[in-house]
Amino acid sequence: MRLVDIRDTPLDVAEVLAAVGDATAGGVTLFVGAVRNHDEAKAVSHLGYSAHPTAIDRLREVVTAVAERHPVTAVAAVHRVGDLAIGDLAVVVAAAAHHRGEAFDAARDLIDDLKATVPIWKHQSFADGSDEWVGLP
């Protein structure tokens, strides 16, 4: 675990990639989640992310657990909170391992566990004026 953060400033892919840099790693997998302009058939105008005060601790637990389950040399995860526009980066995760398959497996596990268990909630606003919360317990 080299970089774990939740922040209200724009995310930097290069920062996350650099955090998992390792000369012994033959594979690095990077996942970047961006705000898209639709959800199902509805046009999204913008969204906001909110995090519970325990979210950073839970994110650290997820990253640590992924590092323990997979033969990685490094993992990193950064999630954005606050108001985001279409195209803004919402989450960046990375995993480095000796081999590409291990890096892919760890990165997929990391983003899936993050989305399923870290208390960060998305509030989508749609072009038709409606809105929706996603990820609430």
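See above for the structure.
Just so you know, the residues in each chain are numbered from 1, in the order the chain's sequence is written. With pLDDT at 70 or above as the cut-off, local features in this predicted model cover only qualifying residues; side-chain atom pairs require 80 or more to be listed or tallied, and sums for whole chains, interfaces and linings still use all residues. Excluding hydrogens and water, the side-chain figures rest on all heavy atoms present in the structure.

S.K.: Where do I start with the environment of Pro-53 in this structure?
M.R.: Each helix is a run of DSSP H or I of at least 4 residues and each strand a run of E of at least 2, with the numbering of both proceeding from the N terminus. Within the element layout of this structure, Pro-53 appears in the loop between strand S4 (42-51) and helix H2 (55-69). Considered as a pair, Pro-53 and Ile-120 are 67 residues apart in the sequence and their alpha carbons are 9.6 Å apart.

S.K.: Whenever I open this one, the sheet that holds strand S2 (residues 27-34) confuses me. Can you help?
M.R.: The strands that make up a sheet are held in pairs by hydrogen bonds between backbone atoms, and each pair lies either parallel or antiparallel. Read across the sheet, four strands follow the order S1-S5-S7-S2 without closing on themselves; strand pairing throughout is mixed. Only two strands of the sheet have a single neighbouring strand rather than two, namely strand S1 (3-7) and S2. Looking at each pair of strands side by side, their axes are set apart by 5 degrees on average, direction ignored. Where S2 lies against strand S7 (residues 89-97), eight bridges are found, and the strand directions are antiparallel. Bridge pairing in S7 places Val-28 opposite Ala-96. The contact rule is simple, with two residues in contact once any of their heavy atoms fall within 4.5 Å. Interaxial angle, 0 to 180 degrees, is taken between N-to-C directions of lines fitted to C-alpha atoms, where a helix line uses only the stretch in contact. Running at roughly 155 degrees to S1, H2 makes contact with S1 and strand S5 (72-80) of the sheet. Two strands make a pair as long as DSSP finds a minimum of two bridges between them.

S.K.: Would you take a moment to explain the packing of H2 against helix H3 (residues 100-117) for this structure?
M.R.: Geometry of a packed helix pair, given as the angle between the helix axes and the separation of the axes. Orientation of H2 relative to H3, taken along the N-to-C sense of each, is 150 degrees, at an axis distance of 10 Å. It follows that H2 is roughly antiparallel to H3 by the angle criterion. Between H2 and H3 the crossing geometry is right-handed. Contacts from Arg-58, Leu-59, Val-62, Val-63, Val-66 and Arg-69 of H2 reach H3 at Ala-106, Asp-109, Leu-110, Asp-113, Leu-114 and Thr-117. A breakdown of the residues in the contact of H2 with H3 according to their chemical character gives seven nonpolar, one polar and four charged. Roughly parallel covers angles under 35 degrees, roughly antiparallel covers those over 145, roughly perpendicular covers 65 to 115, and oblique covers all other angles. Crossing handedness is defined as follows: a turn of the near helix away from the far one that is anticlockwise and smaller than a right angle gives a left-handed crossing, while the clockwise case is right-handed. Gly is placed with the polar residues, together with every amino acid not listed as nonpolar (Ala, Val, Leu, Ile, Met, Phe, Trp, Tyr, Cys and Pro) or charged (Asp, Glu, Lys and Arg).

S.K.: Looking at this structure, how should I read unusual backbone geometry?
M.R.: Leaving glycine aside, a negative phi is the common case for residues, and trans is the common case for peptide bonds. Positive phi, close to 60 degrees, is recorded for Glu-40, a residue that is not glycine. Considering the arrangement of structural elements, one finds Glu-40 in the loop between strand S3 (38-39) and S4.

S.K.: How should the pattern of salt bridges be read in this particular structure?
M.R.: Note on pairing: side chains with opposite charge can pair once their charged atoms come close. A pair is scored as a salt bridge if a Lys or Arg side-chain nitrogen falls within 4 Å of a carboxyl oxygen belonging to Asp or Glu. Taken as a whole and assessed by the stated rule, the structure comprises nine salt bridges. Between Glu-15 and Arg-7 there is a salt bridge, with the nearest N and O atoms lying 2.7 Å from each other. On the basis of relative accessible area, Glu-15 is assigned to the partly exposed category, the value being 30%. Two residues, Arg-69 and Asp-113, come together in a salt bridge whose shortest N-O distance is 2.6 Å. One end of the pair, Arg-69, is in helix H2; the other, Asp-113, is in helix H3, with 44 residues separating them in the sequence. Buried residues are those whose accessible area, probed at 1.4 Å on protein chains only, stays under 20% of the maximum for their type, while exposed residues exceed 50% and partly exposed ones sit between those limits.

S.K.: Explain a nonpolar patch on the surface to me, please; I cannot follow it from the model alone.
M.R.: Residues form patches when they are more than 30% accessible in relative terms and have no salt bridge. Like charges link within 9 Å. Nonpolar side chains (Val, Leu, Ile, Met, Phe, Trp, Tyr) link within 5 Å. In short, Shrake-Rupley with a 1.4 Å probe defines the accessible areas, and a residue's cover is counted only from the protein chains shown. Taken together, Leu-17, Val-28, Leu-30 and Val-32 make up a surface patch of nonpolar side chains, about 270 Å² in accessible area. Positionally, Val-32 belongs in strand S2.

S.K.: Looking at this structure, how should I read H3?
M.R.: Side chains three or four residues apart in an α-helix point the same way, a direct result of the helix having 3.6 residues per turn. An ideal rise of 1.5 Å per residue puts 26 Å on 18 residues; H3 measures up with 26 Å between its terminal C-alpha atoms. Those residues of H3 not exposed but buried are Ala-103, Ala-106, Ala-107, Asp-109, Leu-110, Ile-111 and Leu-114. Residues of H3 that are buried sit in contact with S2, H2, S5 and S7. By definition here, a helix of n residues has an expected span of 1.5 Å times n minus one.

S.K.: Any chance you could explain the side chain of Ser-125 here in plain terms?
M.R.: Its location among the elements puts Ser-125 in strand S8 (residues 120-126). Non-local contacts of Ser-125, meaning those with residues more than four positions away in its chain, are made with Ala-43, Val-44, Ser-45, His-46, Ser-130 and Asp-131.

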